[in-house]
Amino acid sequence: TECVSGCVCPEGLFDDGRGGCVEKKDCPCVHNNEWYSSGEKIKVDCNTCTCQKGVWECTDNVCYGTCMIYGSGHYNTFDGKFYDFDGSCEYVATQDFCGDKNSSGSFSIITENVPCGTTGVTCSKAIKMFLGVMKTLSNRNATPLPAILEVTPNTKKFSEMTVGLYLVIETSNGVMLIWDKKTTVFIKLNPDYKGKVCGLCGNFDDKANNDFTTRSGLLESNPLNFGNSWKQSPMCPDVTEEIKPCDLKPHRKSWAEKECSIIQSEVFKICHSKVNPHPFYEACVHDACSCDSGGDCECFCSAVAAYAQECIKAEACVFWRTPDICPIFCDYYN
């Protein structure tokens with residue numbers, strides 16, 4: 001946003017939005033409601049943006065796309081659209097089999113969602129990747145407990161490694177799946193797939209406003225209708241209403257809000273101007289209310305970790321875990 005000439009500034013100077021008057025070359029820029037001085041740089045995905053005379057000038061590198069599925073039915077598409085969908089079925093997370101029934105493709109990733117509390121919310125129990133063979137990552141209990149990994153006969157189409165808390169599967173055709181062995185999955189796609197994929201993760205065309213494209217190619221405004229269109233089996237019931245677990249379990253709401261406030265606190269201050277904390281806070285409260293069948297702390301920790309992961313992508317590294325808050329012990333790595 002360029003500086004706007006203010007009535008309190010002398011002629012030739014511009015209101016800098018912070019109570020001062022500057023020359024046009026020194027106009028600041030705004031990102032996530034934070035002001036940045038001329039010459040300052042920020043990282044947006046794989047590109048660097050520099051504030052120049054009140055306007056962001058960005059490099060135009062083509063970036064990998066990332067879709068995140070986590071907690072009790074939270075989705076952040078390749079194009080950055082946040083929504084909730086609590087369907088109990090198998091759904092297409094993303095695939096390049098799009099368009100007519102005879103269209104060709106190279107991969108498909110399916111998420112199997114099941115109820116994970118008494119309020120009706122759902123979590124991802126298993127992720128299935130089809131690359132000529134099927135690979136299943138499964139948490140059979142559908143709660144944040146240590147998971148089971150099922151592997152079909154090995155193939156050179158993918159490699160597998162463990163990085164910290166995550167299991168990483170990378171394919172030879174530019175698809176990467178990162179799984180925390182609980183309820184969080186990141187799907188990363190090579191830029192060659194831009195505009196060529198479909199499913200719950202959207203179409204990866206840099207436009208979030210058309211991410212709710214159904215299996216039949218129609219553009220939906222309702223996330224429930226959109227999500228229902230991507231179920232694998234017509235026998236599964238459609239989702240007809242949004243579940244609000246804090247309304248159903250009001251006694252948990254104050255605890256959930258108190259615990260999740262860490263996302264909006266000083267702990268994550270360095271990240272707030274880079275990644276909007278609000279949708280992650282709302283998702284955290286939602287999960288903390290809904291996790292009423294055990295694993296309360298694990299649901300909370302996964303929700304905060306999802307925001308921390310986005311902060312890392314934006315080059316805002318936050319050390320938020322403590323011996324009292326979601327600790328990870330050295331023995332885990334040993």
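Because the structure is predicted, anything quoted here is derived from the model rather than measured.

Check the secondary structure of the protein and you find 7 helices and 19 strands. Counting all 334 residues of the protein, 47% fall into the buried class. Across the protein, every contact between residues at least 6 apart in sequence was considered, and the portion connecting residues at least 24 apart equals 50%. Per element, the accessible surface of the protein, about 16,700 Å² overall, is 52% carbon and sulfur.

With that settled, consider the packing of aromatic side chains. Applying the stated rule across the entire model yields 14 aromatic pairs. Ring centres of Tyr-83 and Phe-212 lie 5.0 Å apart, and the angle between their planes is 85°; this geometry places the pair in the edge-to-face category. Taken together, the residues span a long stretch of sequence, with Tyr-83 in strand 10 (residues 82-84) and Phe-212 in the loop between strand 19 (185-189) and helix 1 (223-228) at a distance of 129 residues. When sorted by exposure, Tyr-83 lands in the same class as Phe-212, which is buried. Considering the side-chain rings of Phe-212 and Phe-226, the 4.8 Å spacing of their centres and the 25° angle between planes classify their relative orientation as stacked. Of the two residues, Phe-212 is situated in the loop between strand 19 and helix 1 and Phe-226 in helix 1; the sequence distance between them amounts to 14 residues. You can call Phe-226 buried: its relative accessible area is 0%. By way of ring pairs, the aromatic residues Tyr-70, Phe-82, Phe-268, Phe-280, Tyr-307 and Trp-320 are connected into one cluster.

With glycine set apart, most residues show a phi of negative sign, and most peptide bonds adopt trans. Phi at Phe-204 is positive, roughly 55°, even though this residue is not glycine. Inspection of the secondary structure assignment puts Phe-204 in the loop between strand 19 and helix 1. Its relative accessible area of 2% is what places Phe-204 among the buried residues. One non-glycine residue, Glu-315, lies in positive phi territory at about 60°.

Turning to the state of the cysteines, a few remarks are in order. A full pass over the atoms with the stated rule returns 10 disulfides. For Cys-49, the disulfide goes to Cys-58, at an S-S distance of 2.0 Å. Measuring handedness by torsion sign, the sulfur bridge of Cys-49 and Cys-58 sits at about 110° and is right-handed. Residue Cys-49 is classed as buried on the basis of its relative accessible area of 4%.

Below, the discussion takes up the pattern of salt bridges. Counting across every chain of the model gives 5 salt bridges. Its salt-bridge partner being Asp-206, residue Lys-194 comes within 2.7 Å of it at the nearest N-O pair. Pair noted here: Lys-194 is in the loop between strand 19 and helix 1 and Asp-206 is in the loop between strand 19 and helix 1, with a separation of 12 residues, a long-range link. A salt bridge links Glu-310 to Lys-313; the shortest N-O distance between them is 3.6 Å. Taken together, the residues span about one helical turn, with Glu-310 and Lys-313 both in helix 6 (residues 296-313) at a distance of 3 residues. Under the relative-accessibility criterion, Lys-313 is labelled partly exposed at 32%.

Within the element layout of this structure, Gln-95 appears in strand 11 (residues 90-95). Polar side-chain contacts of Gln-95 include one of 3.1 Å to the side chain of Ser-108. With near-sequence residues (within four places) excluded, Gln-95 lies in contact with Phe-107, Ser-108, Lys-196, Val-197, Cys-198 and Trp-230.

Calculation notes
Residues numbered from 1 in each chain as written. Predicted model: local features only at pLDDT ≥ 70, side-chain atom pairs only at ≥ 80, totals over all residues. Heavy atoms only, no water. Helix = DSSP H or I, 4+ residues; strand = E, 2+ residues; numbered from the N terminus. Buried < 20%, exposed > 50% of the residue type's maximum accessible area, 1.4 Å probe, protein only. Contact = heavy atoms within 4.5 Å. Areas by Shrake-Rupley, 256 points an atom, 1.4 Å probe, with all protein chains shown as cover. Phe/Tyr/Trp six-rings, centres within 6.5 Å; stacked < 30°, edge-to-face > 60°. Disulfide = S-S within 2.5 Å. Salt bridge = Lys/Arg side-chain N within 4 Å of Asp/Glu carboxyl O. Polar contact = N/O pair within 3.5 Å; in protein donor to acceptor, adjacent residues only side chain to side chain.

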